[in-house]
Amino acid sequence: MVATLFAIRLETEQKGAKHANRLEHTGGVPMRRSSLVPAGLLILSLGVVILLVHYLRTFEKRAALRSQEPSVPSGSVVEVRGQYFYDTIDGLSFKVPPEGWQMQLLRRPDSLPPENPARTVLSNVVPLVVAHKSTAGDTLAAVTVGVLWQTIPRDAYDCAVRALGELIAEYERGHSRVRLLKEVTVTGKGTNAGAYFMVVLPEKARESMPVWVVSVSVRDFLACFFLAKTSEVAYPGVRSDIERIVESFRWL
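Keep in mind it's a predicted model, so treat the numbers as computed, not measured.

(A) Summary view of the overall build of the protein chain. The helix and strand tally for the protein chain stands at 5 helices and 11 strands. Counting all 252 residues of the protein chain, 34% fall into the buried class. Sequence separation of 24 or more characterises 52% of the internal contacts of the protein chain that already satisfy a separation of 6 or more. For the protein chain, the accessible surface area stands at approximately 16,400 Å², while carbon and sulfur atoms represent 57% of it.

Quick look at the structure:
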């Protein structure tokens, strides 16, 4: 028992002596661990904060844009609300043409007729909206938006390829050729995926607006087509308007 107490006392005295020696080397001030943060960690933390601020601002901008869109109408509605055209029957929406365009809503049949395989894709489309842009009595461009109930479901790319092939077969005669300005191109992803192409019909087609832009989006059996027509001279002036209408399309 005495030996044990002696050992504990000796160990305590040794620890005290070591502590006193450390105080002598540090001027009597107890030593503390360094609280300095490595520079790399500070830079990493600053980067995380900057990214977080960026994403928050992006989220706020998108939320502000969504707040500008009117709410989707309830029930079976085909109408213009604010800057958007809504067709809740077919479940689609897009921005109406900007100022300078005249837009007309067409009567939608109570039920869409099924696709007639004996006719071309574009001739099967049931028009919902027709818009024109004119100046001094001359029509610069026309956009028709319509839907097609497919008997055999095809995706947007296949619909566009078929429509392009049918235009070529219809308008190419002899040396007259359909000029392909943009081959069939897939756009978007997921439910809003689509496809489009752009052609110039030959002179023998006798079309006052031979530049055609065809865009299509598909959901299940329903396909929505945008057919924009203009001339090569007028196209640069109406291009942004056409792109605005087509790119704003979305399924509800």
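(B) Inspection of the side chain of D87 at higher detail. As for its placement among the helices and strands, D87 is situated in strand 2 (residues 84-87). One buried charged side chain, D87, makes no salt bridge at all; its nearest oppositely charged neighbour is R108, positioned 4.3 Å away. In this structure the side chain of D87 is engaged in a polar contact, spanning 3.0 Å, whose partner is the backbone nitrogen of I89. In terms of polar contacts, D87 uses its side chain to reach the backbone amide nitrogen of D90, at 3.1 Å.

(C) Focus on the environment of S208. Here S208 shows up in the loop between strand 8 (194-200) and strand 9 (211-219). When the C-alpha atoms of S208 and K229 are compared, they prove to be 9.1 Å apart, with 21 residues separating the residues in sequence.

(D) A look at the pattern of salt bridges. Scanning the model with the defined rule gives 8 salt bridges in all. Across the pair R162 and E115 runs a salt bridge, and its minimum N-O distance is 2.9 Å. Placement of the pair is R162 in helix 4 (residues 156-171) and E115 in the loop between strand 4 (101-105) and helix 3 (121-124), with a sequence separation of 47 residues. Residues E232 and R179 are paired through a salt bridge, measuring 3.1 Å at the closest nitrogen-oxygen approach. One end of the pair, E232, is in the loop between strand 10 (222-230) and helix 5 (235-247); the other, R179, is in strand 7 (residues 179-187), and 53 residues separate them in sequence. Look at E232 and you get partly exposed, because its relative accessible area is 46%. Note on R179: relative accessible area 42%, which makes it partly exposed.

(E) Focus on the packing of aromatic side chains. Overall, the coordinates contain 7 aromatic pairs when judged by the stated rule. The interplanar angle of 35° and the centroid separation of 6.3 Å between the aromatic rings of Y84 and Y86 together place this pair among those described as tilted. For Y84, a relative accessible area of 10% corresponds to the buried category. Consider the rings of W149 and F221, whose centres lie 5.8 Å apart with planes at 20°: the pair is stacked. Of this pair, W149 sits in strand 6 (residues 138-149) while F221 is found in the loop between strand 9 and strand 10, placing the two residues 72 residues apart along the sequence. Residue class for W149 comes out partly exposed when judged on its relative accessible area of 38%. A connected cluster of aromatic rings, assembled from ring pairs, spans F85, F94, F226, F249 and W251.

(F) Spotlight on a nonpolar patch on the surface. Together, L41, L44 and V48 make up an exposed nonpolar region whose accessible area comes to about 290 Å². The exposure class of L41 is partly exposed, given its relative accessible area of 44%.

(G) Main features of empty space enclosed by the protein. Summed over all chains, the structure comprises 1 cavity of 30 Å³ or more. Looking at the largest cavity, its volume works out to about 30 Å³. Along the walls of the largest cavity sit F94, P97, V129, A131, V143, V145 and I245, which together make up its complete lining. Listed by contribution, the elements that provide at least two residues to the lining of the largest cavity are strand 5 (126-135) and strand 6. Of the residues belonging to the lining of the largest cavity, the class tally is 7 nonpolar, no polar and no charged.

(H) Structural view of the sheet that holds strand 4. Here 7 strands make up an open sheet; going across it, the order is 4-5-6-10-9-8-7 and the pairing antiparallel. Each edge of the open sheet carries a strand with a single partner, namely strand 4 and strand 7. For this sheet the average axis-to-axis angle between neighbouring strands, irrespective of direction, equals 15°. Sheet topology note: the strand 8/strand 9 ladder contains 7 bridges and is antiparallel. Residue pairing across strands places F197 opposite V214, the latter belonging to strand 9. Across the sheet, helix 4 touches strand 7, strand 8, strand 9 and strand 10, and the angle it forms with strand 8 is around 15°. Sitting on the sheet, helix 5 touches strand 4, strand 5, strand 6, strand 8, strand 9 and strand 10, and the angle it makes with strand 10 is about 165°.

Criteria and cut-off values
- Residues numbered from 1 in each chain as written.
- Predicted model: local features only at pLDDT ≥ 70, side-chain atom pairs only at ≥ 80, totals over all residues.
- Heavy atoms only, no water.
- Helix = DSSP H or I, 4+ residues; strand = E, 2+ residues; numbered from the N terminus.
- Buried < 20%, exposed > 50% of the residue type's maximum accessible area, 1.4 Å probe, protein only.
- Contact = heavy atoms within 4.5 Å.
- Areas by Shrake-Rupley, 256 points an atom, 1.4 Å probe, with all protein chains shown as cover.
- Lys, Arg positive; Asp, Glu negative; His and termini not counted.
- Salt bridge = Lys/Arg side-chain N within 4 Å of Asp/Glu carboxyl O.
- Polar contact = N/O pair within 3.5 Å; in protein donor to acceptor, adjacent residues only side chain to side chain.
- Phe/Tyr/Trp six-rings, centres within 6.5 Å; stacked < 30°, edge-to-face > 60°.
- Patch = residues over 30% accessible without salt bridge, like charges linked within 9 Å, V, L, I, M, F, W, Y side chains within 5 Å.
- 1 Å grid on protein atoms, 1.4 Å probe; cavity = no way out; pocket = protein on both sides within 12 Å on 5 of 7 lines; lining within 4 Å.
- Points joined across faces, edges and corners; volume = space filled by probe spheres on them.
- Nonpolar A, V, L, I, M, F, W, Y, C, P; charged D, E, K, R; others polar.
- Pairing = 2+ DSSP bridges.
- Axes fitted to C-alpha atoms, helices over the stretch in contact; angles between N-to-C directions.

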